[in-house]
Structures are given as structure tokens and as C-alpha cells.
Amino acid sequence: MAYPGQQPGGYYQGGYGGAPGGPMYGQQQDPMYAYFASVAGQDGQIDADELQRCLTQAGLSGGYKPFNLETCRLMISMLDRDMSGKMGFNEFKELGAVINGWKQHFMSFDADRSGTIEGPELQAALGTMGYRLSPQALNNISKRFSCQGKISFDDYVACCVKLRALTDMFRRRDINQQGMVNFQYDDFIQTVMSI
Ligand SMILES: [Ca+2]
Ligand SMILES: [Ca+2]
């Protein structure tokens, strides 16, 4: 992933009283911190809108459309351990690695090099990731995340993040690993509506 606007040095050098070697000192030394600070703005945290702008500018949506905002929300909630709804520096760095992985993954399954994932490519991708889904489920997923049968990178990420989050939540409740779970209505709504 490219980080345009990345500059050496930090914006906040000398601004904090952290002891040398402490966490703030370490962050300032990180060349990516200046880029993070420029995206995060005054509050020092990256929200979904800021992330969308950043990923669109980095050219990750493909073409001229903005990067899918829903995908930005999903990625933040996935890495948001303190539940602030925003990303701090460490979460942002983690995201960079995660997106790089997805980009490689996306390109490796774009067998015809069309820049998008189509039905059979999606099937191969999800199968390789270990999902065992029926043709109907695959068809539904494909319909939901594609535009005219094509899934762009940002929609593909949304698809993968959702599928993984839902699978994790299901598996956590599937104590005997039987592929069956009993949900209370409220628990089910909490699960699917939080993703
Ligand atoms: Ca911000
Ligand atoms: Ca393709």
C-alpha cells in the first residue's frame, strides 16, 4: 500500500513529555507517524470519513469512485479494540498490513486480470480461505457484493471482513464445532447489527 504524503519526522516532536524510549517517543520515531497525524487531524484519531479519504487518495478503490465508506467502517470496527469507533496509530499501522494482505490476495484470485473478482474467482478465493459454503450461499454473496457481476477491491474487503466476523462470532458460540448454534433473538441482532 502506498502512503502518499509521507514525510520524515513527526508533527508533534517535542510536544509530549514522554520519557525517551516510552510509547510516545517510539511513535514519533516511526516514519509513518507523520502520515497518520496528517490523516487523523486534530483529534489524533482516524474515523471512517478520514479513512475513506485516505484510501481513496491512495488509489485503492480502483478507478475514480471513492473507497467504499461501509468498508472503512467495517475495517475500523474490526481493529477497534478500545471500542472508540476510531483508529489510533497502532491500529492504523495494523490496518496497513491487513490491506496489503488483502490486495495480494485479491490480485492472486483475479485470474483473468480484469481488476475485479467475478463469481468463479470468488468461489476459488473463499474456498482457499477455508469457507465451506453452498452454491446458493456463494451466489447470494456474489449478488450482494458485486456490481454487474463484478466485485471491486473495496467491496471484496467488505465481503471478507463481514464473512470472517460473522464466522468468528458463530464459531465462538458453536462450542462443540457442529455447525449449529442456538441464538437468542437479541443476541442474534446484536451480532449481525454490530458488523
Ligand atoms: Ca480525526
Ligand atoms: Ca477477474
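Since this is a predicted model, take the numbers as computed values, not measurements.

Trainee: Is there a simple way to explain the coordination of the calcium ion (ligand 2) in this structure?
Mentor: In an ideal octahedron of six donors the angles at the metal are 90 or 180 degrees, and in an ideal tetrahedron of four donors they are 109.5 degrees. Only Asp110 (OD), Asp112 (OD), Ser114 (OG), Thr116 (O), Glu118 (OE), Glu121 (OE) and Glu121 (OE) from the protein coordinate the calcium ion (ligand 2), and they sit 2.3 to 2.7 Å from it. Read N to C, the donor residues that coordinate the calcium ion (ligand 2) are spaced as D-x1-D-x1-S-x1-T-x1-E-x2-E. Relative accessible area serves as the criterion here: at 5%, Asp110 is assigned to the buried category. Note on Ser114: relative accessible area 36%, which makes it partly exposed.

Trainee: Sorry if this is basic, but what is going on with the coordination of the calcium ion (ligand 1) here?
Mentor: For the calcium ion (ligand 1), the full set of protein donor atoms is Ala40 (O), Asp43 (OD), Asp43 (OD), Gln45 (O), Glu50 (OE) and Glu50 (OE), at a range of 2.3 to 3.0 Å. Coordination at the calcium ion (ligand 1) is irregular, judged from the 6 donor atoms that bind it and the angles of 46 to 158° they form at the metal. Counting gaps between the donor residues of the calcium ion (ligand 1) yields the pattern A-x2-D-x1-Q-x4-E. A residue pair is termed long-range when its members are at least 10 positions apart, and Ala40 in helix α2 (residues 32-40) and Glu50 in helix α3 (residues 48-57) qualify at 10 residues. Here Ala40 and Glu50 have matching classes, each one buried.

Trainee: Just checking my understanding: could you explain the packing of aromatic side chains for this structure?
Mentor: The description of an aromatic ring pair rests on the distance of the ring centres and on the angle between the ring planes. In total, this model carries 9 aromatic pairs according to the counting rule given. Seen from their ring centres, Phe183 and Phe188 are 5.5 Å apart, and the 70° between their planes marks the pair as edge-to-face. Given a relative accessible area of 37%, Phe188 falls into the partly exposed group. Chaining the aromatic ring pairs together yields one cluster made of Tyr33, Tyr35, Phe36, Phe89 and Phe92. Above the ring of Phe153, the side-chain terminus of Lys103 is found at 4.3 Å from the ring centroid. In this structure, Arg144 is placed above the aromatic ring of Phe145, and the distance from its NZ or CZ to the ring centre is 4.6 Å.

Trainee: Explain the pattern of salt bridges to me, please; I cannot follow it from the model alone.
Mentor: If charged atoms from side chains of opposite charge come close, those side chains can pair. Using the criterion set out here, one finds 7 salt bridges in the structure. Where Asp30 meets Lys93, a salt bridge forms, and the shortest distance between an N and an O atom there is 2.5 Å. Placement of Asp30 in the loop between α1 (23-29) and α2 and of Lys93 in helix α5 (residues 89-109) is noted, with a sequence separation of 63 residues between them. One salt bridge in this structure joins Asp43 and Lys86, with 2.9 Å as the shortest N-O distance. With Asp43 in the loop between α2 and α3 and Lys86 in the loop between α4 (69-79) and α5, this residue pair connects regions lying 43 residues apart in the sequence.

Trainee: Mind showing me how you'd approach the UniProt feature "domain: EF-hand" (unreviewed entry) in the chain here?
Mentor: UniProt feature "domain: EF-hand" (unreviewed entry): in the numbering of this structure it lies at residues 97-132. Taken end to end, residues 97-132 has its terminal C-alpha atoms 26 Å apart, with 64% of it in helix and 0% in strand.

Trainee: Just checking my understanding: could you explain the environment of Lys93 for this structure?
Mentor: On the basis of relative accessibility, which here comes to 33%, the residue Lys93 falls in the partly exposed class. It is 8.7 Å that separates the C-alpha atoms of Lys93 and Phe36, two residues lying 57 residues apart in sequence. Residues contacting Lys93, with those up to four places away along its chain left out, are Asp30 and Met32. A polar side-chain atom of Lys93 sits 2.5 Å from a polar atom in the side chain of Asp30.

Trainee: What's the story with α5 in this structure? I'm lost.
Mentor: Spacing of three or four residues puts side chains on the same side of an α-helix, whose turn is 3.6 residues. The end-to-end C-alpha distance of α5 is 31 Å, a good match for the 30 Å that 21 residues give at a rise of 1.5 Å each. Along α5, the residues classified as buried are Phe89, Glu91, Phe92, Leu95, Gly96, Ile99, Trp102, His105, Phe106 and Phe109.

Trainee: Can you walk me through the confidence of the model for the chain in this structure?
Mentor: Parts of the model with low pLDDT should not have their predicted coordinates read in detail. Taken as a whole, the chain shows an average pLDDT of 84; of its residues, 85% reach a score of 70 or greater. Here α1 stands out as the least confident element of the chain, with mean pLDDT 61; helix α7 (residues 135-145) is the most confident, with 95. Scored below 50 in pLDDT, residues 1-22 makes 34 contacts in the model with residues more than four places away or belonging to other chains.

Trainee: Please clarify how the nonpolar core should be interpreted in this entry.
Mentor: Grouped burial of nonpolar side chains is what soluble globular proteins tend to show. Counting residues in hydrophobic clusters, the biggest one holds 45 residues, and the most contacted among them are Leu51, Leu55 and Met75. Sorting the residues of this core by element identifies α2, α3, α4, α5, α6 (119-128), α7 and α8 (153-173) as the ones contributing at least two each. Element by element, the count of residues in this core is highest for α8, at 9 residues.

Calculation criteria
- Residue numbers run consecutively from 1 along every chain, following the written order of its sequence.
- Chain letters start at A and ligand numbers start at 1, both assigned in the order the entries are written.
- Reporting in this predicted model follows two pLDDT cut-offs: at least 70 for local features of residues, and 80 or more for side-chain atom pairs to be given and counted; totals over whole chains, interfaces and linings ignore these cut-offs and use all residues.
- Heavy atoms from the whole structure form the basis of all side-chain values; hydrogens and water molecules are not counted.
- Only N, O and S atoms count as donors, using a 2.8 Å cut-off from the metal and 3.2 Å for Na, K and Ca, and because water is excluded some sites may appear unfinished.
- Under the scheme applied here, a residue whose accessible area is under 20% of the maximum for its type counts as buried, over 50% as exposed, and between as partly exposed, the area being computed with a 1.4 Å probe on protein chains only.
- Geometry is assigned from donor-metal-donor angles: four donors are tetrahedral when every angle falls between 85 and 135 degrees, four are square planar and six octahedral when opposite donors sit over 155 degrees apart with all other angles between 65 and 115, and any other arrangement is irregular.
- Under the DSSP-based scheme used, a helix requires at least four consecutive residues in state H or I and a strand at least two consecutive residues in state E, with every element numbered from the N terminus.
- Pairing of aromatic rings covers Phe, Tyr and Trp, the last counted by its six-membered ring, and requires centre-to-centre distances within 6.5 Å; plane angles under 30 degrees mean stacked, over 60 mean edge-to-face, and any other angle means tilted.
- For a Lys NZ or an Arg CZ to count as sitting over a ring, it must be within 6 Å of the ring centre and within 35 degrees of the ring normal.
- Basic side-chain nitrogens of Lys or Arg form a salt bridge, by our definition, when they fall within 4 Å of a carboxyl oxygen of Asp or Glu.
- UniProt positions are given in the numbering used here, feature names are shortened, and annotations may be inferred rather than shown by experiment.
- Contacts are assigned to residue pairs with any non-hydrogen atoms lying within 4.5 Å of each other.
- Think of a polar contact as two N or O atoms within 3.5 Å of one another; within protein, one of them needs to be a possible hydrogen donor and the other a possible acceptor, and neighboring residues in sequence only count if both atoms come from side chains.
- Expected span of a helix, by definition, is 1.5 Å for each gap between consecutive residues, and there is one gap fewer than residues.
- Note: pLDDT gives the predictor's confidence per residue, expressed from 0 to 100.
- Among buried residues, the Ala, Val, Leu, Ile, Met, Phe, Trp, Tyr and Cys ones that are joined through side-chain atoms within 4.5 Å form a nonpolar core.

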